[in-house]
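Chain residues, written in single-letter form:
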Amino acid sequence: MSEAADALAASALVLAILAALFSVWMPDVAAVMAEKGSTDKDNNGPLRTKLKLIARTRLYPLFAAALTTAIILLPRCWGIIRSPWTCTPWDRCHYDDVQALMLLTVLLLILLCVALIVQIMSVQKKLAGL
């Protein structure tokens, strides 16, 4: 296997793990987000605790892992993105599906980060309203 294929395999494995965690943990996040707060702010302690726990144990670690993985892969992707403009006619410039899939993997990681940011902002908004 080439170095790019090895990197793609490793990044795809990490993306699969992160996506699995995201899909397994989202019902917990949705359940806590669906809970209604009390009109008496003094009685919202248990819900506030649940929201903080969901953020600390689910959302923040998953976001950190997805962002770190994307940051690790960005230099390689930058080179891939630049390659069509740096290729000269005497070079053997050709389509590389491994590199294209690497870009897709990073794009999906970034999309996962955006989804997690939306979730984190929702939790923070709910916490602020309690």
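Residues numbered from 1 in each chain as written. Predicted model: local features only at pLDDT ≥ 70, side-chain atom pairs only at ≥ 80, totals over all residues. Heavy atoms only, no water.

Description of the nonpolar core
Put simply, the rule reads: Throughout, nonpolar core names a set of buried Ala, Val, Leu, Ile, Met, Phe, Trp, Tyr and Cys residues whose side chains join them through atoms within 4.5 Å. Three exposure classes are used, based on accessible area relative to the maximum for each residue type with a 1.4 Å probe and protein chains only: buried under 20%, partly exposed in between, and exposed over 50%. Only DSSP runs of H or I with at least four residues qualify as helices, and only runs of E with at least two residues qualify as strands; both kinds are numbered from the N terminus onward.
Core analysis: the biggest nonpolar cluster contains 31 residues, and L18, L51, L59, M102, L109 and V123 have the highest contact counts within it. Elements supplying a minimum of two residues to this core: α1 (3-34), α2 (45-86) and α3 (97-129). At 11 residues, the largest contribution of residues to this core is made by α2.

Comments concerning α1
Basically, it comes down to this: One less than the residue count of a helix, multiplied by 1.5 Å, gives the span that helix is expected to have. Throughout, bend refers to the angle between the axes fitted to the seven residues that end at a position and the seven residues that start at it.
With 32 residues, α1 extends 46 Å from end C-alpha to end C-alpha; this agrees with the ideal 46 Å at 1.5 Å per step. The sharpest bend along α1 measures roughly 35° and falls at W25, with the proline P27 sitting one to four residues further on. Every buried residue belonging to α1 is among A5, A7, L8, S11, L15, L18, W25, M26, V29 and V32, and all of these are buried.

What about a nonpolar patch on the surface?
For clarity, the threshold we go by: Each patch is built from salt-bridge-free residues with over 30% relative accessible area, joining like charges within 9 Å and nonpolar side chains (Val, Leu, Ile, Met, Phe, Trp, Tyr) within 5 Å. Here the open area of atoms and residues is found with the Shrake-Rupley method and a 1.4 Å probe, where only the protein chains shown may cover a residue. The salt bridge definition used is simple: a Lys or Arg side-chain nitrogen within 4 Å of an Asp or Glu carboxyl oxygen.
Together, L67, I71, L74, I110, V114 and V118 make up an exposed nonpolar region whose accessible area comes to about 490 Å². Listed by contribution, the elements that provide at least two residues to the nonpolar patch are α2 and α3. Looking at the element boundaries, L74 is found in helix α2.

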